[in-house]
Amino acid sequence: MSNPGHIPKDLPGLRQALDQHDYLADLALSTALFCALSLRQPLLLEGEPGVGKTEAAKALAAAIGSPLLRLQCYEGIDSSEALYEWDYPRQLLAIRLAEGSGRHLSDGDLFTEQYLIQRPLFQALRHQGDSPAVLLIDEIDRADDEFEAFLLELLGEKTLTIPELGTFSTKNPPVVILTSNRTRDVHDALRRRCLYHWIDYPPLEVAISILRRKVPGATQQLVETTAGALGAMRSAKLHKPPGIAEGIDWLESLRLLGFSKLDNQALGATIGAVAKYREDQEAILSMDLLHDAS
């Protein structure tokens, strides 16, 4: 397979490109992304909510200068929402206009790409460019078994057949990133077709670096104590431990309100940015959080 100019030719090059787009990936995650990019094999990213799975796909797309095509999964999603569907209102309008002028439209007139609504999977296969599109299939664990089976065929064949138009293929297959929060197990058949990586919570020093980059206006003391507090919260038995995404929102809130350090007043004013359950908020407020974070 050729190596288009936008694609880093080696692992250090990809790590540098990700870093330039403010995504700090460790060696293991960078390696998984590089293999997915080079081999065009789907990559399944699992981890707790808020650890940066979706952001990894966004950063990869930015790093190679390609569009990110995102398919958000949910219970009941089907192929029409993922692949394509016909624009029936436009077809009906075309029929009425033709009838008004005394013309007759055949199926060949109505079932053309002009009336085709392209969804993310179709757009990814049809993408034209030096670098491949990055297709993000987000929260695949929310979809059902039938949709997983549909994905198996599409990801395996990298072709798409539309009965009215024929079969579409691609010479530059997309880079496919699937994410899962493990609300249910993804089936083995899909796992076998994917590379796999688990994204864990970042260690303290990495968390500090991420927060510093994402919220540059915050003081160093505030960044460090916020990162420490996040770690202390994850050590507690919370219903929903905060990820780095919640940490960024929390630090942004602290900065917006003018806090230069994390104290009890700052914690009480902004706890809703980091803890989204009442029970978790009560548990956090009852902890000696600021001492644990120091």
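Now for a look at the structure at hand. Since we're looking at a predicted model, the values are computed, not measured. (Residues numbered from 1 in each chain as written. Predicted model: local features only at pLDDT ≥ 70, side-chain atom pairs only at ≥ 80, totals over all residues. Heavy atoms only, no water.)

**Re the nonpolar core**
Next, step 1: Counting residues in hydrophobic clusters, the biggest one holds 37 residues, and the most contacted among them are Ile137, Ile140, Phe147 and Leu178.
Next, step 2: Per-element tally for this core: the top contributor is helix 8 (residues 145–157), with five residues.
Next, step 3: Counting 29 residues, the second-largest nonpolar core is a separate cluster that includes Ile210, Val215, Met233 and Ile244. (Core = buried A, V, L, I, M, F, W, Y, C linked by side-chain atoms within 4.5 Å. Buried < 20%, exposed > 50% of the residue type's maximum accessible area, 1.4 Å probe, protein only. Helix = DSSP H or I, 4+ residues; strand = E, 2+ residues; numbered from the N terminus.)

**Topic: unusual backbone geometry**
Next, step 1: Unlike most non-glycine residues, Glu139 shows phi in positive territory, near 60°.
Next, step 2: Looking at the element boundaries, Glu139 is found in the loop between strand 5 (134–138) and helix 8.
Next, step 3: A positive phi angle, near 60°, is found at Arg182, a position not held by glycine.
Next, step 4: Turning to its location among the elements, Arg182 is positioned in the loop between strand 8 (175–180) and helix 9 (188–192).

**Comments concerning the pattern of salt bridges**
Next, step 1: Counted by the stated rule, this structure contains 14 salt bridges.
Next, step 2: The salt bridge involving Glu85 is made with Arg119; its shortest N-O contact spans 2.1 Å. Of this pair, Glu85 sits in strand 3 (residues 84–86) while Arg119 sits in the loop between strand 4 (116–118) and helix 7 (120–126), and the two are 34 residues apart along the sequence.
Next, step 3: The partly exposed category is assigned to Glu85, whose relative accessible area is 28%.
Next, step 4: Classification of Arg119 by relative accessible area gives partly exposed; the value is 25%.
Next, step 5: Between Arg255 and Glu252 there is a salt bridge, with its nearest N and O atoms 3.3 Å apart. Of this pair, Arg255 and Glu252 are both found in helix 12 (residues 244–256), three residues apart, which corresponds to roughly one turn of the helix. (Salt bridge = Lys/Arg side-chain N within 4 Å of Asp/Glu carboxyl O.)

**Side note on the sheet that holds strand 2 (residues 68–72)**
Next, step 1: The sheet built from five strands is open, its strands ordered 2-5-8-1-9 with parallel pairing. Strand pairing shows two members of the sheet lacking a second neighbour, strand 2 and strand 9 (195–198), which therefore form its edges. Pairwise comparison of adjacent strand axes, ignoring direction, gives a mean angle of 20° for this sheet.
Next, step 2: In this sheet, strand 8 lies alongside strand 1 (residues 43–46) in parallel orientation, the contact comprising four bridges. The partner of Glu46 across the bridge, within strand 8, is Ser180. (Pairing = 2+ DSSP bridges. Axes fitted to C-alpha atoms, helices over the stretch in contact; angles between N-to-C directions.)

**A short note on the packing of aromatic side chains**
Next, step 1: Counted under the stated rule, the structure contains four aromatic pairs.
Next, step 2: Each ring, one from Trp86 and one from Phe111, has its centre 4.9 Å from the other, and the planes form 90°; the classification is edge-to-face. Highlighted residues: Trp86 in strand 3 and Phe111 in the loop between helix 6 (107–110) and strand 4, separated in sequence by 25 residues.
Next, step 3: Overall, Phe111 belongs to the partly exposed group, its relative accessible area being 22%.
Next, step 4: Judged by centre distance (5.6 Å) and plane angle (40°), the rings of Phe147 and Phe150 are tilted. Taken as a pair, Phe147 and Phe150 lie in helix 8 at a separation of three residues, close to a single helical turn.
Next, step 5: Here a set of aromatic residues connected by ring pairs shows up, and it is made of Tyr84, Trp86 and Phe111. (Phe/Tyr/Trp six-rings, centres within 6.5 Å; stacked < 30°, edge-to-face > 60°.)

**Focus on the state of the cysteines**
Next, step 1: Applying the stated criterion across every chain, the model contains zero disulfides.
Next, step 2: Cys73 carries a free sulfur, and the closest cysteine sulfur to it, the one in Cys194, is 12 Å from it.
Next, step 3: Residue Cys73 is classed as buried on the basis of its relative accessible area of 1%.
Next, step 4: When its relative accessible area of 10% is taken as the criterion, Cys194 is described as buried. (Disulfide = S-S within 2.5 Å.)

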